[in-house]
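Structure at a glance
Letter by letter, the chains look like this.
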Amino acid sequence: MAFFALIDKYGNMEKKILSKVGRYEFLAEPFHCDFSSRLFMGHLGNHLLNAADFHSNDRGFGMNYLMPRHKTWVLSRLAIEMQEMPKSYDKFFVETWCESAMKYFTSRDFKIVGKASSSSDTSSETTASSETTASSGNEKVYGYGKSVWAMIDTESRQPVDIFAEHDGLIREYIDAEKPCPIAASSRVKMSGEAKLVRTIDTYYNDVDVNGHINSVKYIEHVLDLFDLDYYKTHFLQRFEIAYVAESHQGDQLRFYMEQPSEQKYCIKITKVSKNSQEEVEVVRSKAKFVKN
């Protein structure tokens, strides 16, 4: 079922009829792929976040509507589970929709599917940000994602009532029926035995539009804890990340890791700020690999 959206992506008043599920085409550009010509998980994460941004903006509750009102969406949790990754030059689609919404949080799901035509199309067309037509039955599924988002005030950094924005427009786009057959993010349990495995500084390129360390940068830093030889024999099947607190440029990040079972790893990231030696937890994540 389709509903009316009242704001276009430039903040102008207009009426559109849009579906609850957005569908966006992307390209696995070769310089976004690893040694095996498969898309980096971090770049897939960027595509998911871009799809979420396109979907919410097109429907009137995205960043283009929120930023002039000193509000923004921040990612709280993300889980990605893949059967395989798109290969270099593959065109693929990300479908996204809001599964549920509460006062301070909304759950958003993703489905990553391969284009029906072929993966051998090496066209140099740029990534598409407009919505595409509905999926066909013969597309292959690469994987799924689940995420949780909060809306905050950009000045106070405090949570905002989602339903108070734009007359609760987000309610019109909840789709609790579309399946997303992967588990939601679980609580990542860490024992006192986790070892400090890396310490890094943060710089300009780590910071996003919200002024804090970019959500995907944490993913890349975590996955860099495993060396190339490990990736040659293992496939990252599932990755979970939970954002506990913000960190900013100049903070030092410390990575603690432990292995609760074979091919499963839990990672905790803490920060130490410039003017404080207090160690504050900012991220917890979990990586599950399978042997190739």
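About the thresholds
Residues numbered from 1 in each chain as written. Predicted model: local features only at pLDDT ≥ 70, side-chain atom pairs only at ≥ 80, totals over all residues. Heavy atoms only, no water. 1 Å grid on protein atoms, 1.4 Å probe; cavity = no way out; pocket = protein on both sides within 12 Å on 5 of 7 lines; lining within 4 Å. Points joined across faces, edges and corners; volume = space filled by probe spheres on them. Nonpolar A, V, L, I, M, F, W, Y, C, P; charged D, E, K, R; others polar. Buried < 20%, exposed > 50% of the residue type's maximum accessible area, 1.4 Å probe, protein only. Helix = DSSP H or I, 4+ residues; strand = E, 2+ residues; numbered from the N terminus. Pairing = 2+ DSSP bridges. Core = buried A, V, L, I, M, F, W, Y, C linked by side-chain atoms within 4.5 Å. Contact = heavy atoms within 4.5 Å. pLDDT = per-residue confidence, 0-100. Axes fitted to C-alpha atoms, helices over the stretch in contact; angles between N-to-C directions. Parallel < 35°, antiparallel > 145°, perpendicular 65-115°, else oblique. Left-handed = near helix turned anticlockwise from the far one by under 90°. Phe/Tyr/Trp six-rings, centres within 6.5 Å; stacked < 30°, edge-to-face > 60°.

So, empty space enclosed by the protein
In the structure shown here, the tally under the stated rule is 1 cavity of 30 Å³ or more. Of the pockets and cavities examined, the largest cavity occupies roughly 50 Å³. F61, L66, W73, M151, I162, E165, H166, L169 and I170 are the residues that line the largest cavity. Classifying every residue of the lining of the largest cavity by side-chain character gives 7 nonpolar, 1 polar and 1 charged.

Some points on the pairing of strand β7 (residues 141-153)
Looking along a regular strand, one sees the side chains alternate between the two faces of the sheet. Among the 13 residues of β7, 11 are classified as buried, and the element is accordingly described as predominantly covered. When strand β4 (residues 71-82) meets β7, the two strands line up antiparallel, connected through 11 bridges. Across the sheet, residue M82 finds its bridge partner in β7, namely G143. The pairing of strand β6 (residues 105-114) with β7 spans 9 bridges and is antiparallel.

Brief notes about the nonpolar core
Core analysis: the largest hydrophobic core is formed by 58 residues, its most contacted members being M41, L44, F92, Y218, F239 and I269. Ranked by residues supplied to this core, first place goes to helix α1 (residues 41-58) with 6 residues. Not counting residues up to four positions away in its chain, the partners in contact with Y218 are I213, I241, Y243, S247, L253, I269, V282 and V283. Formed by 5 residues, the second largest nonpolar core is a distinct cluster that contains M190, A194, Y256 and C266.

Quick notes on the layout of surface pockets
One number sums up the size of the largest pocket: a volume of about 580 Å³. Contributing to the lining of the largest pocket are 25 residues, with D34, L39, F40, M41 and Y231 lying nearest its centre. Going through the elements one at a time, α1, α3 (215-223), α4 (228-233) and β9 (234-243) are the ones with two or more residues in the lining of the largest pocket. Its residues placed into classes, the lining of the largest pocket shows 12 nonpolar, 6 polar and 7 charged.

A word on the confidence of the model for the chain
Detailed reading of the predicted coordinates is not advisable wherever pLDDT falls low. For the chain, the mean per-residue pLDDT works out to 89, and 88% of the residues sit at or above 70. Per-residue pLDDT stays below 50 along residues 1-5; that stretch engages in 24 contacts with residues further than four places along the chain or on separate chains. Every residue in residues 118-127 scores below 50 in pLDDT, and together they form 12 contacts with partners more than four places removed in sequence or on other chains.

Describing the environment of L49
In this fold, L49 is placed in helix α1. Note: C-alpha distance between L49 and S215 (166 residues apart in sequence) is 9.5 Å. Non-local contacts of L49, meaning those with residues more than four positions away in its chain, are made with L75, W149, S215 and V216.

Comments concerning the packing of α1 against α3
Running from N to C, α1 and α3 point in directions that differ by 165 degrees, and their axes come no closer than 9 Å. With respect to α3, the element α1 is oriented roughly antiparallel. Between α1 and α3 lies a crossing of right-handed hand. Along its contact with α1, which presents M41, G42, G45, N46 and L49, the element α3 presents S215, V216, I219, E220 and L223. Residues belonging to the contact of α1 with α3 are distributed by class as follows: 5 nonpolar, 4 polar and 1 charged.

Thoughts on the packing of aromatic side chains
Inspection of every chain in the model, using the stated rule, returns 13 aromatic pairs. Relative to Y265, the ring of Y230 lies with its centre 6.1 Å away and its plane at 85 degrees, an arrangement referred to as edge-to-face. Of the two residues, Y230 sits in helix α4 while Y265 sits in strand β11 (residues 264-272), which places them 35 residues apart along the sequence. Judged by its relative accessible area of 17%, Y230 falls in the buried class. Relative to F289, the ring of Y230 has its centre 5.0 Å away and its plane inclined at 90 degrees; by these criteria the two rings are edge-to-face.

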